[in-house]
2 protein chains.
Amino acid sequence: MGEFELIRQYFQPLAESTRHNQLILGPGDDCAIQRIEPGQDLVFSVDTLVEGVHFPRDYSPEHLGWRSLAVAASDLAAMGASPACFTLALTLPSVDSHWLEGFAASLAKAAGAFGLALAGGDTTRGPMALSIQVHGTVSRGKALCRSGARPGDLVCVSGTLGAAGAALDFLDTAAPDALQQAILARYHHPQPKLALGQALACHASAAIDISDGLLADLGHILQASGVGASVEPASLPIMDELVALKGAQATDLALTAGDDYELCVTLAPGAFEQLPPGTRQQLTVIGLITEEPGIELTGRHLPIGAGFDHFRRSQ
Amino acid sequence: MGEFELIRQYFQPLAESTRHNQLILGPGDDCAIQRIEPGQDLVFSVDTLVEGVHFPRDYSPEHLGWRSLAVAASDLAAMGASPACFTLALTLPSVDSHWLEGFAASLAKAAGAFGLALAGGDTTRGPMALSIQVHGTVSRGKALCRSGARPGDLVCVSGTLGAAGAALDFLDTAAPDALQQAILARYHHPQPKLALGQALACHASAAIDISDGLLADLGHILQASGVGASVEPASLPIMDELVALKGAQATDLALTAGDDYELCVTLAPGAFEQLPPGTRQQLTVIGLITEEPGIELTGRHLPIGAGFDHFRRSQ
């Protein structure tokens, strides 16, 4: 048995512990098989994470497993989809059983939390990187796209913004204090807003998950919808810990920092009012969709694309 | 616009030129959307290719695009599936417009030939590697799995075997002669047996594509089916050019070398006889499924797993 056959054995328990009734055939054949109910559409998305680019070198495998599946699942949340299964393409420079155990356990925890069954994958030797593709389903024609925002719609975000980006400054700190720990948790342990996305599927006009920063991601909605937006920075939801740590800078982070994996959605005012209270309470209104392209920010006008660009950051 | 936004622009024409009626939403949103007809199952598979492991450093982008999609599509052929779409997770160390043009053009050619529409992807910076996930459909319950081989079934292969593996010896040759060129074509330009796989979907008892070598891949069928096989090496289909180049060694290559991407299938003798002549003519009978585990090879008995292991080769 080859070394990489052994690696795959670390993921066997994950394949056995995560199940989904749509997954007719899991790992081990040429393909996996998923059976989608009539009236449902398949939605899917792939994300690659490269060591030293998307996560630090020597990043804890206990964090990496959760974080990589959460990042991928967040795209399902942004479509309003119900999670089904995922594939893992894992490239590793060598076999480190301690690392593999930690990674597989963390991935299993995330898979269980998000309701994603391991459907298959590929394990290869090379510089450390992983690609995860997630599959979900939505009722036919009900997927939340980026292109549906209309002038007059409210711009809303879930949760709080900016903390994950602030954590980048002290990811390596050996003994983080309580404030830092609260902020680090947002980077290491993102919570894709799957239930919220599904609750919004028949109500919101457009949605995206905030991976590259609010301005950049809202910019994608505006561009796809052919509209603009005005945003009130004072209304941005920010963790108390982030304000305590960063003071006035916290607002800039909430506008531009990535890695939060909250949702940014647009809704007609009437649709917002009709949301179940439990759903509405998870959203903060931060602005308004306008006709003029670009983002109006407390009187400043930003052209689209002025946000914190994911790929520029990657370089 | 970031450098990697530019990269994605190289794939825009590919997204526009490749279409599939199941693909409701292609690249550019949080997820792609595929609509699968009732009565059809989704089948999918992911393959990673790492530079220096699965293809040589400085490998021609004109070959890489075709080869990487062909390798992935071959898994659909092995399930008897109709191709639909694919995602591309591409990691590149830097932006090289000449490389990108060649790669995208070659990928577009393969996508057109195989009937696979580009559904989405992710482009990141890092050591060169790519993961391709292919999606296809099969009639409910009709997918060809590895586990259906039964004692008495014929073992058949498509095309010819061993040439792609032989090409590894002279991939770098500056001026290959005619013999070498014929053999190199098998490595650079594999032809996934998509139509043949679909034609076999209601007839074969088990199938796999030959990526790791006949003995290794037939071994996977035997293991999944709980059976053994006897194989007659003299019956293996081998290109004249390979015999001319390698003499008696050609049979060893046909047994153990990978990268051919032909199909290995098992069929009950009656099912084989009932195949349309045009389908039957694409197959060569090379052996028989037996009850005793392992592979009986002209009197020699090999335990399963004695073939050329993909992952051992990768190391």
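So, how was this worked out
Residues numbered from 1 in each chain as written. Chains lettered and ligands numbered in written order. Predicted model: local features only at pLDDT ≥ 70, side-chain atom pairs only at ≥ 80, totals over all residues. Heavy atoms only, no water. UniProt positions renumbered as here; feature names shortened; annotations may be inferred. Helix = DSSP H or I, 4+ residues; strand = E, 2+ residues; numbered from the N terminus. Buried < 20%, exposed > 50% of the residue type's maximum accessible area, 1.4 Å probe, protein only. Contact = heavy atoms within 4.5 Å. Polar contact = N/O pair within 3.5 Å; in protein donor to acceptor, adjacent residues only side chain to side chain. Pairing = 2+ DSSP bridges. Axes fitted to C-alpha atoms, helices over the stretch in contact; angles between N-to-C directions. Salt bridge = Lys/Arg side-chain N within 4 Å of Asp/Glu carboxyl O. Least-squares fit on C-alpha atoms with pLDDT ≥ 70 in both. Buried area = accessible area lost by both parts, 1.4 Å probe. Nonpolar A, V, L, I, M, F, W, Y, C, P; charged D, E, K, R; others polar. Domains from an automatic or database assignment.

For the rest of this paragraph, the subject is the UniProt feature "binding site: Mg(2+) 4" (unreviewed entry) in chain A. As recorded in UniProt, the sites labelled "binding site: Mg(2+) 4" (unreviewed entry) are Asp30, Ser45 and Asp75 of chain A. The annotated residues occupy 46 residues of the chain and do not converge on a single region, their most distant C-alpha atoms lying 26.2 Å apart. Assignment of secondary structure puts Ser45 of chain A in strand E3 (residues 40–50). Exposure remark for Ser45 of chain A: the relative accessible area of 7% places this residue in the buried category. Leaving out residues up to four positions away in the same chain, Ser45 of chain A has contacts with Asp75, Ile132, Gln133 and Val134 of chain A together with Asp30 and Cys31 of chain B. Within the local environment of Ser45 of chain A, its side chain forms a polar contact with the side chain of Asp75 of chain A, the two groups lying 3.1 Å apart. As for its position among the elements, Asp75 of chain A is in helix H2 (residues 61–79). For Asp75 of chain A, a relative accessible area of 8% gives the class buried. Residue contacts for Asp75 of chain A: discarding those within four places in its chain leaves Ser45, Asp47 and Asp209 of chain A together with Asp30 and Cys31 of chain B.

The strand order E1(A)-E2(A)-E3(B)-E6(B)-E4(B)-E5(B) describes an open sheet built from six strands, whose pairing is mixed. The sheet is open, and its two borders are formed by strand E1 (23–25) of chain A together with strand E5 (117–125) of chain B, each paired with just one other strand. Adjacent strand axes in the sheet meet at a mean angle of 25°, parallel and antiparallel pairs treated alike. In this sheet, strand E2 (residues 32–34) of chain A lies alongside E1 of chain A in antiparallel orientation, the contact comprising two bridges. Among the inter-strand pairings, Leu25 of chain A is bridged to a residue of E2 of chain A, identified as Ile33 of chain A. Most of the contacts of helix H2 (residues 61–79) of chain B go to strand E6 (residues 129–139) of chain B, to which it runs at about 30°, and overall it touches E1 and E2 of chain A together with strand E3 (40–50), strand E4 (82–92) and E6 of chain B. Packed onto the sheet, helix H3 (residues 97–114) of chain B meets E4 and E6 of chain B and runs at close to 165° relative to E4 of chain B.

Glancing now at the pattern of salt bridges. In the structure shown here, the tally under the stated rule is 18 salt bridges over all chains. The shortest N-O distance in the salt bridge between Asp260 of chain A and Arg186 of chain A comes to 3.9 Å. With a gap of 74 residues between them, Asp260 of chain A in the loop between helix H9 (249–256) and strand E10 (263–267) and Arg186 of chain A in helix H5 (residues 178–188) connect regions that are remote in the sequence. Glu51 of chain B is paired through a salt bridge with Arg57 of chain B; the nearest N and O atoms lie 3.5 Å apart. Residue classification places Arg57 of chain B among the exposed positions, given a relative accessible area of 58%. Because the salt bridges share partners, they merge into one network encompassing Arg186, Lys193, Asp260 and Glu262 of chain A.

With that out of the way, let us pick up the relation of the copies chain A and chain B. Once chain A has been moved 0.0 Å along the axis and rotated by 180°, it coincides with chain B to within an RMSD of 0.0 Å. In symmetry terms, the pair is related by a two-fold rotation axis. Across chain A, the smallest distance between a C-alpha and the rotation axis is recorded for Pro38 of chain A, namely 2.7 Å. Residue by residue, 100% of the interface of chain A is reproduced at the interface of chain B, so both copies engage with the same surface.

Moving on, we get to the sheet that holds strand E2 (residues 32–34) of chain B. Hydrogen bonding along the main chain pairs the strands of a sheet, whether they run parallel or antiparallel. Sheet architecture is open: six strands sit in the order E5(A)-E4(A)-E6(A)-E3(A)-E2(B)-E1(B), paired in mixed fashion. The open sheet is flanked by strand E5 (117–125) of chain A together with strand E1 (23–25) of chain B, the only strands paired with a single partner. Adjacent strand axes in the sheet meet at a mean angle of 25°, parallel and antiparallel pairs treated alike. Two elements, E3 of chain A and E2 of chain B, share three bridges in a ladder whose sense is antiparallel. Bridging across to E2 of chain B, Phe44 of chain A finds its partner in Ala32 of chain B. Running at roughly 30° to strand E6 (residues 129–139) of chain A, H2 of chain A makes contact with E3, strand E4 (82–92) and E6 of chain A together with E1 and E2 of chain B of the sheet.

Often the size quoted for an interface is simply the accessible area lost on bringing the parts together. Counting residues at the interface gives 61 residues for chain A, matched by 61 residues for chain B. Across the chain A to chain B interface the summed buried area is about 5000 Å²; carbon plus sulfur atoms make up 57%. Put simply, chain A and chain B have six salt bridges between them. Two residues, Asp30 of chain A and Arg146 of chain B, come together in a salt bridge whose shortest N-O distance is 3.2 Å. Inspection of the region where chain A meets chain B yields 20 residue pairs in polar contact (both at pLDDT 80 or more). Top contributing element to the side of chain A that touches chain B by residue count: E3 of chain A, with nine residues. Here the residues of the side of chain A that touches chain B sort into 27 nonpolar, 18 polar and 16 charged.

The subject of this paragraph is the domain arrangement of chain A. Residue and element names in this part refer to chain A. Segmentation of chain A into domains returns domain 1 (3–139) and domain 2 (146–297). Using only C-alpha atoms to locate each centre, domain 1 and domain 2 end up separated by 25 Å. Of the residues lining the interface, 20 residues belong to domain 1; the matching set on domain 2 comes to 18 residues. Roughly 1600 Å² of surface becomes buried between domain 1 and domain 2 when both sides are summed, with 61% attributable to carbon and sulfur atoms. Together, Trp66, Arg67 and Ala77 form the three largest contributors to the area buried by domain 1 at its contact with domain 2, with a combined 32%. On inspection of domain 1 and its partner domain 2, the count reaches one salt bridge. Close ionic contact of Arg67 with Asp259 constitutes a salt bridge, the shortest N to O distance being 3.6 Å.

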